[in-house]
Structures are given as structure tokens and as C-alpha cells.
Amino acid sequence: MQEQPDHALTPGLVARVELTVTDADTAQAVGSGDVPVLGTPRVLALAEAATVAATARHLPAGTTTVGTRVELDHRAATPVGRTVVAQARLTAVDRRRLTFEVAVTEGGQTVAEGRVERVMVDRHRFVERAGGAS
């Protein structure tokens, strides 16, 4: 991959995504537990969706990001019917590596928080190497 300019990717980019918890989002449904509350894998997916949204309009053409590292503390249970909000803020850009602080809240309470790292890659080459079609 040619070195892409990262001037558009600067710390401070933010995004938020929301999810109203359904039965399909519960720990029971996703196999991460046996209780009918928002499952940790769904919390993580929501946090990652916020990181993707934060940079989506700022990436060079043909480039995407892939997750490489996650640190997430899931602190509170969220029942079905409640709405959670994930917010991501780009805190560091080191060449192709992007670091985000993430927080998931519900009604003013912190549900989860942590850090997500993503790396910019050439989308076509990445998919090709992974053995799939682009």
C-alpha cells in the first residue's frame, strides 16, 4: 500500500451511534451469557461502529480501517427496550494506526468504556489477502 496522507485524519474526530436493545442483542441471543440484557459482544460492536463512523468521511479513496485491538470495560447491565449511545473520539494518529476512546452510555449512566485501535488498509488488497471478493 502506498503511504497515504493522513492530514484529514486528525485527533478530535467524533461520532455517535445509538441502539435500542432488542431480544436479539441480549447475552442469551448472542451466546455470551444466559441473561436477557445487552450482551458484551453487542456493546463492542456498537463501540466499533462509532469508531468507523468517526473516520468514514475522512479516509482516502480505496482505504478502510480494520480493528486490531480493544480494551473494553462493560460496567452496567442494560435491559431490552432501553437505548444505548456509543461515542468514539479519535485520540491519536500514528501513520496508519488510529486510536479511539469509546464510551457507551444509557440514560446518563456509563455502560461501557475503553479504547479501540484500528489500522488503515487498502480495502481491495486486504479483502484479496483474506481470500474473499471485494
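Conventions and cut-offs
Residues numbered from 1 in each chain as written. Predicted model: local features only at pLDDT ≥ 70, side-chain atom pairs only at ≥ 80, totals over all residues. Heavy atoms only, no water. Helix = DSSP H or I, 4+ residues; strand = E, 2+ residues; numbered from the N terminus. Buried < 20%, exposed > 50% of the residue type's maximum accessible area, 1.4 Å probe, protein only. Contact = heavy atoms within 4.5 Å. Areas by Shrake-Rupley, 256 points an atom, 1.4 Å probe, with all protein chains shown as cover. Lys, Arg positive; Asp, Glu negative; His and termini not counted. Charge placed at Lys NZ, Arg CZ, Asp CG, Glu CD. Polar contact = N/O pair within 3.5 Å; in protein donor to acceptor, adjacent residues only side chain to side chain.

Peer 1: How would you explain the overall build of the protein chain if you had to name every residue and give the values?
Peer 2: A count of helical and extended segments in the protein chain gives three helices and five strands. Going residue by residue from the N terminus, the α and β elements of the protein chain occur as β-α-α-β-β-β-β-α. By its C-alpha atoms, the protein chain is 45 × 35 × 20 Å across when sized along the principal axes. Counting over 134 residues, the protein chain shows a buried share of 34%. Long-range contacts, defined here as pairs at least 24 residues apart, represent 64% of the contacts in the protein chain between residues at least 6 apart. Accessible surface computed for the protein chain: about 7,500 Å², of which carbon and sulfur atoms make up 46%. Taking the 15 positively charged and 16 negatively charged side chains of the protein chain as two groups, their mean positions are separated by 5 Å.

Peer 1: Tell me what's going on with the side chain of Thr65, and back it up with residues and numbers.
Peer 2: Looking at the element boundaries, Thr65 is found in strand S2 (residues 63–74). Among the polar contacts listed, one links the side chain of Thr65 to the side chain of Arg118, at a separation of 2.8 Å.

Peer 1: Give a detailed account of the environment of Thr63, specifying residues and quantitative values.
Peer 2: By secondary structure assignment, the location of Thr63 is in strand S2. We classify Thr63 as buried; its relative accessible area is 12%. In sequence terms Thr63 and Arg123 are 60 residues apart; their C-alpha atoms lie 5.2 Å from each other.

Peer 1: Help me get a handle on helix H3 (residues 123–130), residues and values and all.
Peer 2: Backbone nitrogen of His124 and a side-chain oxygen of the N-cap are separated by 3.2 Å at the start of H3; the cap is Asp122. Gly131, located one to two residues past H3, shows a positive phi value of around 90°.

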